[in-house]
Amino acid sequence: MALELLLSDHEGDCKAPCSLNCPAGTDCQGYVGLIANGQYREAVKLIKEKVPLPASIGRICPHPCEQACRRKMVEDPIAIAHLKSFAADLDLRSWAPYQPECAPDTHRKISIVGGGPAGLTAAYFLRTMGHSVAIYDAMPKMGGMLRYGIPQYRLPKEVLDQEIAAIANLGVTMINNAKIGDGVTLDAVLVAIGAWTSSSMRVPGESLNGVMGGIDFLRHVALNEPSGIGERVAVVGGGNTAMDACRTAVRMGAKEVYIIYRRTRDEMPADALEIAQAEEEGVAFKFLTNPVEILGAGGSVRGVRLQQMALGEPDASGRRRPVPVEGAFEDLPLDTVI
């Protein structure tokens, strides 16, 4: 009974809520404390026990740690993600960036298919265990979605290159422009090929020229390939990829850029800062609208027909389910739908 009384108003945790909410299980309070004491190298060493790409991840992580941070009850949460990239940037600029010690050679050879964040992370830890590691990737450079799915303004590729080079310096072999099956055979294999396929909207007109997935659009831009998006662009979705796509479209010269989202701003899964910055850059948000058809002429996009929506009861995600408003439609002229 005494224990129940103690716990009835207990506001503490055996482990800090920031670490409990970190998908990688990093010791957030540990490295924040080290940074506060000016022990930057020790902070990077602690971070890299879980995350070998802290300068990159610190820039793009949706930081659930900060959403759980108790400091928000007083003022604002600790800027944990920015602190991670701050310490990592200092380390990369130092005369001798931190490198972990590798265990003695085990004489075991492991091949990793895919040089994205999963493949690079696996290579880092396998190499520190003493194994011989080679990464095969189909793209011209390593990085996967970090390079070909995250825009330059959010993740400078110069930073990513430095972190990849640090992993290569451990003795990891990196082979680009290589597809498994094209004369390449492997023994022990880890497949970490990433998620390169965009989701379909499943509406008429998706096969028209000018309709593309957000991941495909960002990859074309990262590879400096012509996008031909025109002046009027709509991005369908409310997540961080949608924010990356609409802000990139602005940078590619589009005059009118829209976000089409079937719920309201409050239900958008994208980071609040990303949404605010998109608004500052002139992106127009069309809430409570949902595409029912991509309109075209001559095989190319000419617009999109939008169904007006209203919010109903909450669904399994806890967000209110959007339901169509009968007979309420709007046609929006466009050159590109992402």
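Each remark here, short or long, concerns the structure printed above.
What this report covers is the structure whose coordinates are included nearby. (Residues numbered from 1 in each chain as written. Predicted model: local features only at pLDDT ≥ 70, side-chain atom pairs only at ≥ 80, totals over all residues. Heavy atoms only, no water.)

Section: the packing of helix α4 (residues 40–47) against helix α7 (residues 80–93)
1) Next: One can describe the packing of α4 onto α7 by two numbers: an axis separation of 9 Å at closest approach and a directional angle of 115 degrees. One element, α4, and the other, α7, form an angle in the roughly perpendicular class. In this structure, α4 crosses over α7, and the sense of that crossing is left-handed. Judged by residue contacts, Y40, R41, V44 and I47 of α4 engage K84, F86, A87, A88, L90 and D91 from α7.
2) Next: Considering only residue class, the contact of α4 with α7 consists of 7 nonpolar, no polar and 3 charged. (Axes fitted to C-alpha atoms, helices over the stretch in contact; angles between N-to-C directions. Helix = DSSP H or I, 4+ residues; strand = E, 2+ residues; numbered from the N terminus. Parallel < 35°, antiparallel > 145°, perpendicular 65-115°, else oblique. Left-handed = near helix turned anticlockwise from the far one by under 90°. Contact = heavy atoms within 4.5 Å. Nonpolar A, V, L, I, M, F, W, Y, C, P; charged D, E, K, R; others polar.)

What about the nonpolar core?
Note on soluble globular proteins: their nonpolar side chains tend to be buried together.
1) Next: Counting 37 residues, the largest nonpolar core has C28, Y31, I80, I112 and I135 as the members making the most contacts within it.
2) Next: Secondary-structure elements contributing two or more residues to this core are α3 (28–36), α4, α7, β1 (109–113), α8 (117–128), β2 (132–136) and α10 (157–168).
3) Next: In this structure C28 touches C18, S19, C22, C65 and I80, once residues within four positions along its chain are discounted.
4) Next: Core analysis: the next-biggest nonpolar cluster, separate from the first, contains 22 residues, A242, C246, A254 and I275 among them. (Core = buried A, V, L, I, M, F, W, Y, C linked by side-chain atoms within 4.5 Å. Buried < 20%, exposed > 50% of the residue type's maximum accessible area, 1.4 Å probe, protein only.)

Observations regarding the packing of aromatic side chains
1) Next: Tallied over the full model, the rule gives 4 aromatic pairs.
2) Next: For the pair Y40 and F86, a centre-to-centre distance of 5.5 Å together with 90 degrees between the ring planes defines the contact as edge-to-face. Residue Y40 is located in helix α4, and its partner F86 is located in helix α7; the two are separated by 46 residues in the primary sequence.
3) Next: Taking the relative accessible area as the measure of exposure, Y40 reaches 32% and is therefore partly exposed. (Phe/Tyr/Trp six-rings, centres within 6.5 Å; stacked < 30°, edge-to-face > 60°.)

Quick notes on the sheet that holds strand β8 (residues 289–297)
1) Next: The strand order β8-β9-β10 describes an open sheet built from 3 strands, whose pairing is antiparallel. Looking along the sheet, the strands with just one partner apiece sit at the ends: β8 and β10 (320–333). Each strand of the sheet is rotated relative to its neighbour by a mean of 20 degrees, with strand direction disregarded.
2) Next: Judged from the 9 bridges that link them, strand β9 (residues 300–314) and β10 form a sheet pairing that is antiparallel. By the bridge assignment for β10, R305 is matched with D331. (Pairing = 2+ DSSP bridges.)

A word on helix α12 (residues 240–251)
1) Next: The end-to-end C-alpha distance of α12, which contains 12 residues, comes to 17 Å, matching closely the 16 Å that a straight helix rising 1.5 Å per residue would cover.
2) Next: Within α12, the full set of buried residues consists of A242, M243, D244, A245, C246, R247, T248 and A249.
3) Next: Just downstream of α12 lies G253, where phi reads positive at about 100 degrees. (Expected span 1.5 Å × (residues − 1).)

Let's talk about the pairing of strand β7 (residues 284–287)
1) Next: As paired strands, strand β6 (residues 256–261) and β7 are joined by 4 bridges and run parallel to one another. Each residue of the ladder has a partner; that of I259, found in β7, is F285.
2) Next: Handedness of the crossover is the feature at issue here: the chain leaves β6, passes through helix α13 (residues 272–280), returns alongside β7, and the resulting connection is right-handed. (Right-handed = clockwise from strand over helix to strand, strands pointing away.)

Points about the environment of R320
1) Next: Structurally, the position occupied by R320 is in strand β10.
2) Next: With 57 residues separating them along the chain, R320 and R263 place their C-alpha atoms 8.0 Å apart.
3) Next: Polar contacts involving the side chain of R320 include one to the main-chain carbonyl oxygen of G312, which spans 3.1 Å. (Polar contact = N/O pair within 3.5 Å; in protein donor to acceptor, adjacent residues only side chain to side chain.)

Looking at the environment of L90
1) Next: Assignment of secondary structure puts L90 in helix α7.
2) Next: Exposure remark for L90: the relative accessible area of 29% places this residue in the partly exposed category.
3) Next: In the structure, L90 is positioned 50 residues away from Y40 in sequence and 7.6 Å away in space, judged by C-alpha atoms.

Side note on a nonpolar patch on the surface
1) Next: A surface patch of nonpolar side chains, amounting to about 340 Å² of accessible area, comprises L3, L6 and L7.
2) Next: Take L7: it is sitting in helix α1 (residues 2–8). (Patch = residues over 30% accessible without salt bridge, like charges linked within 9 Å, V, L, I, M, F, W, Y side chains within 5 Å. Areas by Shrake-Rupley, 256 points an atom, 1.4 Å probe, with all protein chains shown as cover. Salt bridge = Lys/Arg side-chain N within 4 Å of Asp/Glu carboxyl O.)

Topic: the packing of α3 against α7
1) Next: Contact pair α3 / α7: the axes reach a minimum separation of 10 Å and the direction vectors enclose 55 degrees. Considering their axes alone, α3 and α7 lie oblique with respect to each other. The handedness of the crossing between α3 and α7 comes out as left-handed. Residue-level inspection shows C28, Y31, V32 and I35 of α3 in contact with α7, the latter providing I80, L83, K84, F86 and A87.
2) Next: When grouped by side-chain class, the residues that make up the contact of α3 with α7 number 8 nonpolar, no polar and 1 charged.

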